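# Analysis of the macromolecular model
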Amino acid sequence: MTRLLPGNDIQLLVCGMQYFPALEEAIDRAHSEIFLETYIFDDDDTGRRIATALARAARRGVRVRVLVDGFGARDFEDTHQSALEAAGVHVLMFRPEVGRMSFRRNRLRRMHRKMVVVDAQTGFVGGINIIDDMHTPGHTPPRFDYAVRVRGPLVARMHLECQKLWERVAWATLQFRPRLPRTSRYANRHTGKMRAALLVRDNLRHRHDIENAYLQAIDGAFEEVLIANAYFLPGRRFRQALIAAAARGVKVTLILQGRVEYALLHYASQALYGSLLSQGIRIFEYRRSFLHAKAAVVDQHWATVGSSNIDPFSLMLAREANIVVHDIGFANELRQSLRAAARHGGRELRHRQWKTRPLHERLLRWIAYGMVRLMIGLAGERVSRHMLRKK
């Protein structure tokens, strides 16, 4: 069961145009400490803007800690790192890439979460990397994504998770530092009325927390399940939960990436569309711009926003962070945003048209599906048969 903390104030931030001004403002108001975790930290206008704000904070005496992924931010060392460290920012890299053609078994185990905690009072979590919304090579900008700003008791949990991961990476990279203090004088400060939980996925105690929260919400749904996900390749349990919900009369709608970014994963995902459409599940391919969202609403009171895709890379390999919110107002705001995205930027797929696709197209999708299964196996993860088995 997801443990919800009361007393939070959570604001939905749509795309970078809302997220980055809020983030920069929080950084500029910091007076003691900043943790920033991101998969990508690009060298574009937005990346330089946030790097400059972090450097300003460090120069006025704020303890700034930046953790980036060694694959997603593999150019960070050549772009921002030296300037940030010169300003006094502490920088760590999660699993630095030895070579781009490396076939190490753990190569796909990445730090994919995007989380910021400022002064243990304000937190941000979502799917938005430090990258300009307009930087979408090969795709129509702007990038469509979500984050949330959190104030209240939940920030203490976010603070603790940032501390723990920072310490683990410091030890793993032989940058030994004293253990960070675990207490926060803001831990019990209620600033709102929302109940919420932070869910993380790691390879220790929280391997299935995000997936199980989704399944619990879907299994309990009685009216509507609305999911937007950039990279969608669910395992059998997840697919069966969606199909069972549709069978009992729940309106199940998926908003998925319609533009090809990673061809292999894109076509592997489409291999599952036929079985979902045949059970009455509606699928919209978002084509207006580049979809990067990982969000969902169930029955207009349960909502999640975060970094976790519904695919084996996120659910089985990467470190992820999602927030779950039980609040009618927040859920309806997110629901209206998602419905507008489907209405104005999505193209609905019809089962009758989908099942008449040429044989070579269907074959291509199942070949892609099989190749993704093979990749997960080579990553060294024990993939249970129920996670990726063809229905």
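Residues numbered from 1 in each chain as written. Predicted model: local features only at pLDDT ≥ 70, side-chain atom pairs only at ≥ 80, totals over all residues. Heavy atoms only, no water.

### Focus on the overall build of the protein chain
Counted only if it meets this: Put simply, DSSP H or I for four residues or longer makes a helix, DSSP E for two residues or longer makes a strand, and each gets a number counted from the N terminus. It is over C-alpha atoms that the radius of gyration is taken, and the globule rule equals 2.2 Å times the number of residues to the power 0.38. Note on definitions: a residue-residue contact is assigned when non-hydrogen atoms from the two residues lie within 4.5 Å. Areas reported as accessible are Shrake-Rupley estimates using a 1.4 Å probe. Residue values count occlusion only from the protein chains shown. Under this rule, positive means Lys or Arg and negative means Asp or Glu; His and the chain ends count for nothing. For the purpose of locating charges, the reference atoms are NZ of Lys, CZ of Arg, CG of Asp and CD of Glu.
On a plain count of helices and strands, the protein chain comes out with 14 helices and 15 strands. A compact globule built from 391 residues should have a C-alpha radius of gyration of about 21 Å, and the protein chain, at 20 Å, falls within 12% of that. On the principal axes, the C-alpha backbone points of the protein chain span a range of 65 × 50 × 40 Å. Counting only contacts in the protein chain whose residues sit at least 6 apart along the sequence, the fraction spanning at least 24 positions is 80%. Counting every atom, the protein chain has about 17100 Å² of accessible surface; 52% of that belongs to carbon and sulfur. With 62 positive and 38 negative side-chain charges, the protein chain shows a spacing of 7 Å between the two charge centroids.

### Thoughts on the pattern of salt bridges
Quick reminder of the rule: Each salt bridge in this description consists of a side-chain nitrogen of Lys or Arg and a carboxyl oxygen of Asp or Glu lying within 4 Å of one another. Any residue under 20% of the maximum accessible area for its type is buried, any over 50% is exposed, and the rest in between are partly exposed; the area is computed with a 1.4 Å probe on protein chains only.
According to the stated counting rule, one finds 19 salt bridges in the structure shown. For the salt bridge of R65 with E33, the shortest nitrogen-to-oxygen distance reads 3.1 Å. Taken together, the residues R65 in strand β3 (residues 63-69) and E33 in strand β2 (residues 33-38) connect sequence positions 32 residues apart. Each member of the pair, R65 as well as E33, carries the same accessibility label: buried. For the salt bridge of D45 with R48, the shortest nitrogen-to-oxygen distance reads 2.9 Å. Taken together, the residues span about one helical turn, with D45 and R48 both in helix α2 (residues 45-59) at a distance of three residues. Residue classification places D45 among the exposed residues on the basis of a relative accessible area of 54%.

### Remarks on the nonpolar core
To be explicit about the condition: In this text, buried Ala, Val, Leu, Ile, Met, Phe, Trp, Tyr and Cys residues form a nonpolar core when linked through side-chain atoms within 4.5 Å.
Within the largest apolar cluster, 51 residues are counted, with the highest numbers of intra-cluster contacts made by V225, I227, L242 and L254. Ranked by size, the runner-up nonpolar core spans 49 residues in total, among them F94, Y146, A196 and V325.

### Here's the deal with the pairing of strand β6 (residues 122-126)
In plain terms, the rule: A strand pair is defined by DSSP finding two or more bridges across the two strands.
Burial analysis of β6 places five of its five residues in the buried class, the great majority of the element. Of the two faces of β6, the one carrying T122, F124 and G126 and the one carrying G123 and V125 are both buried. Where strand β5 (residues 114-118) lies against β6, five bridges are found, and the strand directions are antiparallel. Its bridge partner lying in β6, V117 is registered against G123. Between β5 and β6, which follow one another and run antiparallel, lie three residues, and D119 among them has a positive phi close to 55°. Of the pairings in the sheet, the one linking β6 to strand β7 (residues 146-151) comprises five bridges and is antiparallel in character.

### Side note on the packing of helix α6 (residues 209-219) against helix α7 (residues 236-247)
Keep this limit in mind: To obtain each axis, a line is fitted to C-alpha atoms, and for helices this fit is confined to the stretch in contact; angles are then taken between N-to-C directions over 0 to 180 degrees. Roughly parallel refers to an angle under 35 degrees, roughly antiparallel to one over 145, roughly perpendicular to one between 65 and 115, and oblique to any angle outside these ranges. Note on convention: the crossing is left-handed when the near helix lies turned anticlockwise from the far helix by less than a right angle, right-handed when the turn is clockwise. Throughout, the ten residues Ala, Val, Leu, Ile, Met, Phe, Trp, Tyr, Cys and Pro are labelled nonpolar, Asp, Glu, Lys and Arg are labelled charged, and all others, Gly among them, are labelled polar.
With their axes 9 Å apart at the nearest point, α6 and α7 run at an angle of 15° to one another. As judged from the angle between their axes, α6 and α7 are roughly parallel. Regarding α6 and α7, the two cross each other, and that crossing is left-handed. Across the interface between the two elements, E211, N212, Y214, L215, I218 and D219 of α6 pack against R237, F238, A241, L242 and A245 of α7. Residues of the contact of α6 with α7, tallied by class, amount to seven nonpolar, one polar and three charged.

### Quick notes on the environment of F330
Tracing the chain through its elements places F330 in helix α11 (residues 328-345). When the C-alpha positions of F330 and Y19 are compared, they lie 16 Å apart, and in sequence the two are 311 residues distant. If we skip the residues at most four places from it in the chain, F330 touches I10, Q11, L12, V148, M194, A303, V305 and V325.

### What about the environment of R259?
Put simply, the rule is: Counting of polar contacts relies on pairs of N or O atoms within 3.5 Å, with two restrictions inside protein: one atom must be capable of donating a hydrogen and the other of accepting it, and residues adjacent in sequence are counted only when both atoms are side-chain atoms.
Mapped onto the elements of the fold, R259 is located in the loop between β10 (251-257) and α8 (263-270). Given a relative accessible area of 24%, R259 falls into the partly exposed group. For R259 and V62, which are 197 residues apart along the polypeptide, the C-alpha to C-alpha distance reads 41 Å. The residues contacting R259, other than those within four sequence positions of it, are H139, T140, H266, Y286, R287, R288 and S289. Here R287 takes part through its backbone oxygen, which lies 2.4 Å from a polar atom of the side chain of R259.

### Notes on the confidence of the model for the protein chain
Selection criterion: Residue-level confidence of the predictor is what pLDDT reports, using numbers from 0 through 100.
Scored by pLDDT, the protein chain comes out at a mean of 89, with 91% of its residues at no less than 70. Confidence drops under a pLDDT of 50 for residues 380-391, and excluding neighbours within four residues, the segment shows 33 contacts in the predicted structure.

### What about the pairing of strand β12 (residues 294-298)?
Of all the five residues making up β12, five are buried; the element is thus mostly covered by neighbouring parts of the structure. Here β12 shows two buried faces, one formed by K294, A296 and V298 and the other by A295 and V297. Bridge count between strand β9 (residues 224-229) and β12: five bridges; the pairing is antiparallel. When the bridges of β12 are listed, V225 appears paired with V298. Bridge count for β12 against strand β13 (residues 302-306) is four bridges, and the pairing is antiparallel. The residue bridging A296 from the neighbouring strand is T304, located in β13. The hairpin turn running from β12 into β13, its antiparallel successor, is three residues long, and D299 in that turn takes a positive phi close to 55°.

### A short note on unusual backbone geometry
For D119, which is not a glycine, the phi torsion comes out positive at approximately 55°. Tracing the sequence through the fold places D119 in the loop between β5 and β6. Within the chain, D299 stands out as a residue other than glycine whose phi angle is a positive 55°. Its relative accessible area of 7% is what places D299 among the buried residues.

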